[in-house]
Each structure stands twice: as structure tokens, then as C-alpha cells.
Amino acid sequence: MSLRDNEIERYSRQIILKDIGISGQKKLKKSKVLIVGLGGLGCPAAEYLSRAGVGTIGLIDHDKVSLSNIHRQSIFNTGDVKKYKVNVVKQRIKKVNSHIKIKSFKKKINDFNISQIIKSFDIIIDGTDNFKSKFLINKFSKILNKIFISGAIGKFDGHIFSFDFSKRKKPCLESFYQGIPDDIATCEEDGVIGTVAGVVGNIQANEAIKYILDIGKSLNGKVLIVNLLNLEFRICNLTK
């Protein structure tokens, strides 16, 4: 796989990094990343992966933009209210980078369609806002030996989980939650500051890039917990 001259110019500021170079940019171009949920986490993840040159990006969401989304879902504006999120995001990131391929799915994932959707992608980024969906993605990412990067936000707090299920005997999302929580409030109930969504979504995108390039310190089998109110960051190891 080769890079065109305009691609080399487009990505020049990251190509000059010793951890990336031309070979790393080619890896990004060959990669396939699926983003499930185009809300506060999925929007920045989709935008920055497209800017980085990830070759194929999948987008899943069945919802429409509402006015209350806009304060934390960075791709949308007031004119997008009542439009399908997946259509808006596809259009916007195509304008950001016309070189990439986009596969969009205007549907809600379930036990019957998830395997067929995720099987052709290397990395699955979870931007959903409910634990039923998170555990479903976790389950099938594990079955299909995918890399799974999950995020969760609320108030001033964020969690980022990372799992490489191609490696055996590794923990998964259930290692942290043990089961689907029934006492965790949603953003609608408890509130969230928009900047937390941007930070967590960008960290998820950054983790995906690191996996693709095989660089840096891995978050695999760990959870990064951030509190932006008090500027607290900590990493906890998970056990199977």
C-alpha cells in the first residue's frame, strides 16, 4: 500500500515522528476501526481517527441529534437537530478527509447483527451510553478476538478501558463491573461536563492509534480513571 503525495503532505506532522514514519502511516491507512455510538465519545474519536488517516472507519448509531447533545458532541451543530447522527458524522468526516473509507450503519446493535458488523474491523471503540450495549460489545469482541476500547463518562469523571482479546487469559469489562450495573446514573440523570467527553473520546482514539502502530505504553487489561474537576488521573490493573 502506497501513499499519494498529497497524503504525505497531509500527514507530514505525524510522519516525522520517529514512532510513526512512512511505514506507520501505511499501517494507519490499512487499519479498520469501528465506532459504536456517535455521542460525546464517538464524535471526537471519529474526527481524530479520520484526521490521523485511519483507512476505514465504521460508524454505528440509530439515534437522531437533539439540542441537548450539542454541548458535548463536538461534530454536531444546531442545524443538525433531528438529523440522523450517523449521516451527519459520515458527511463531516468525509469533508475532513476524503481519502478514508466510511462504512455506516443506521441501526441499533443487538445479538443478531453485531457479529456480522464487527467481524471485518480490527479495533472496536465503544462510545455507547448504556451498559447493556457495552457488555454486548465486550462479549462479541471477545468471541471474535478483537481489540476493544471502551469509555464511560459522568459529571467530571471518565473511565477508559482497553482489551486486546487476541491475547489469551486477559481480563474484560466484566472484570471491573462483574455484571451490568443497575445503580449507575446516566448523563441525562446525573449530568456531565462536555470537556470530559472530549478528553475521554480523544484518549480512546489515541489508544486505537497506539494499537495500530504497536507503540507506547499499553493500557491493555487496565482502566484509566480521570477526574477533571480535581485533575486526578490513575491507572488500575484488572484481573481476570
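See above for the structure.
These notes cover the structure that comes with them. Along each chain, numbering runs from 1 in the same order as the chain's sequence is written. Only residues with pLDDT of 70 or above have their local features reported here, since the model is predicted, and side-chain atom pairs are shown and tallied only from 80 upward, although totals for entire chains, interfaces and linings are computed over all residues. Heavy atoms throughout the structure, all of them, feed into the side-chain values; hydrogens and water do not.

So, the pairing of strand β5 (residues 147-154)
Then step 1. For every residue, the accessible area (1.4 Å probe, protein chains only) is compared with the maximum for its type, and the residue is labelled buried under 20%, exposed over 50%, or partly exposed between those bounds. A helix here means a DSSP run of H or I that spans at least four residues, while a strand means a run of E at least two residues long, and both kinds are numbered starting from the N terminus. For β5, the buried fraction is high: 6 of the 8 residues fall into the buried class.
Then step 2. Each pair of strands is called paired provided DSSP finds at least two bridges between the two strands. Pairing analysis gives 4 bridges linking strand β4 (residues 123-126) to β5, with the strands arranged parallel. Residue pairing in the sheet places isoleucine 123 in a bridge with isoleucine 147 of β5.
Then step 3. In terms of handedness, the path from β4 via helix α7 (residues 131-143) over to β5 forms a crossover that is right-handed.
Then step 4. Bridge analysis of β5 against strand β6 (residues 157-164) gives 8 bridges, and the strand direction is antiparallel. Residue pairing across strands places alanine 152 opposite histidine 159, the latter belonging to β6.
Then step 5. What sits between the antiparallel neighbours β5 and β6 is a turn of 2 residues, in which lysine 155 has the positive phi angle 55 degrees. When the strands point away from the viewer and the connection leading from the first strand across the helix to the second strand turns clockwise, the crossover is called right-handed.

Section: the side chain of threonine 128
Then step 1. Summarising the element assignment, threonine 128 is placed in the loop between β4 and α7.
Then step 2. We classify threonine 128 as buried; its relative accessible area is 12%.
Then step 3. Under this definition, polar contacts are N or O atom pairs within 3.5 Å; protein pairs additionally need one hydrogen-donor-capable and one acceptor-capable atom, and for neighbouring residues in sequence, both atoms have to be side-chain atoms. A polar atom in the side chain of threonine 128 sits 2.6 Å from the side chain of aspartate 126.
Then step 4. Dropping the residues within four chain positions of it, threonine 128 is found in contact with Val36, Ser133, Lys134, Ile137 and Gly151. The contact criterion used throughout is that any non-hydrogen atoms of two residues lie within 4.5 Å.

Considering the packing of helix α3 (residues 21-30) against helix α10 (residues 194-213)
Then step 1. To get an axis, fit a line to the C-alpha atoms, keeping to the stretch in contact for a helix; angles then go from 0 to 180 degrees between the N-to-C directions. One way to put it is that α3 packs onto α10 with a least axis distance of 9 Å and a crossing angle of 115 degrees. One way to sum up the angle between α3 and α10 is to call them roughly perpendicular. α10 is crossed by α3, and the crossing has right-handed handedness. Counted together, Gly24, Lys27 and Leu28 of α3 and Ile209, Ile212 and Leu213 of α10 form the full contact between these two elements.
Then step 2. Residues are grouped as follows: Ala, Val, Leu, Ile, Met, Phe, Trp, Tyr, Cys and Pro are nonpolar; Asp, Glu, Lys and Arg are charged; every other residue, Gly included, is polar. Among the residues making up the contact of α3 with α10, the classes are represented as 4 nonpolar, 1 polar and 1 charged. Roughly parallel here means an angle under 35 degrees, roughly antiparallel means over 145, roughly perpendicular means 65 to 115, and every remaining angle is called oblique. Each crossing is labelled by how the near helix is turned from the far one, with a counterclockwise turn of less than a right angle marking it left-handed and a clockwise turn marking it right-handed.

Remarks on the environment of serine 66
Then step 1. The topology assignment puts serine 66 in the loop between β2 (56-60) and α5 (85-96).
Then step 2. Given the relative accessible area of 28%, serine 66 is considered partly exposed.
Then step 3. Separated by 15 residues in the primary sequence, serine 66 and valine 81 have C-alpha atoms spaced 5.1 Å apart.
Then step 4. Engagement of the side chain of serine 66 in a polar contact is seen with the side chain of serine 68, the distance being 3.2 Å.

Thoughts on the pattern of salt bridges
Oppositely charged side chains can pair when the atoms bearing their charge come close.
Then step 1. Any carboxyl oxygen of Asp or Glu that lies within 4 Å of a side-chain nitrogen of Lys or Arg is treated as forming a salt bridge with it. For the structure on display, the rule yields 9 salt bridges.
Then step 2. Here arginine 92 and aspartate 80 are joined by a salt bridge, their closest N and O atoms 2.9 Å apart. Of this pair, arginine 92 sits in helix α5 while aspartate 80 is found in the loop between β2 and α5, placing the two residues 12 residues apart along the sequence.
Then step 3. Here lysine 167 ties to aspartate 164 by a salt bridge, and the two come within 3.0 Å at their closest N and O atoms.
Then step 4. For lysine 167, a relative accessible area of 44% puts it in the partly exposed group.
Then step 5. By relative accessible area, aspartate 164 is classed as buried at 7%.
Then step 6. By sharing partners, the salt bridges in this structure join Arg4, Glu7 and Lys29 into a single network.

Thoughts on the environment of serine 50
Then step 1. Inspection of the secondary structure puts serine 50 in helix α4 (residues 42-52).
Then step 2. In the structure, serine 50 is positioned 27 residues away from asparagine 77 in sequence and 19 Å away in space, judged by C-alpha atoms.
Then step 3. At a separation of 2.6 Å, a polar atom in the side chain of serine 50 contacts the main-chain carbonyl oxygen of glutamate 47.

Observations regarding the packing of aromatic side chains
Each aromatic ring pair is characterised by the separation of its centres together with the angle its planes make.
Then step 1. Whether two aromatic rings pair depends on their centres lying within 6.5 Å, for rings of Phe, Tyr and Trp, where Trp uses its six-membered ring; planes under 30 degrees apart make the pair stacked, over 60 edge-to-face, and the rest tilted. Scanning the entire structure with this criterion turns up 5 aromatic pairs.
Then step 2. Arranged with centres 5.1 Å apart and planes meeting at 65 degrees, the rings of phenylalanine 161 and phenylalanine 176 form a pair that is edge-to-face. You can see phenylalanine 161 sitting in strand β6 and its partner phenylalanine 176 sitting in helix α8 (residues 174-177), a full 15 residues away along the chain.
Then step 3. Phenylalanine 161 gets classed as buried once you look at its relative accessible area, which sits at 1%.
Then step 4. Among the aromatic side chains, those forming a connected cluster through ring pairs are Phe148, Phe161, Phe163, Phe165 and Phe176.
Then step 5. Against the face of phenylalanine 121 rests lysine 103, its NZ or CZ located 5.9 Å from the ring centre.
Then step 6. Here, over-ring charges are defined by two tests on the NZ atom of lysine or the CZ atom of arginine: distance to the ring centre within 6 Å, and angle to the ring normal within 35 degrees. Lying over the aromatic face of tyrosine 84, lysine 106 brings its terminal NZ or CZ to 4.4 Å of the ring centre.

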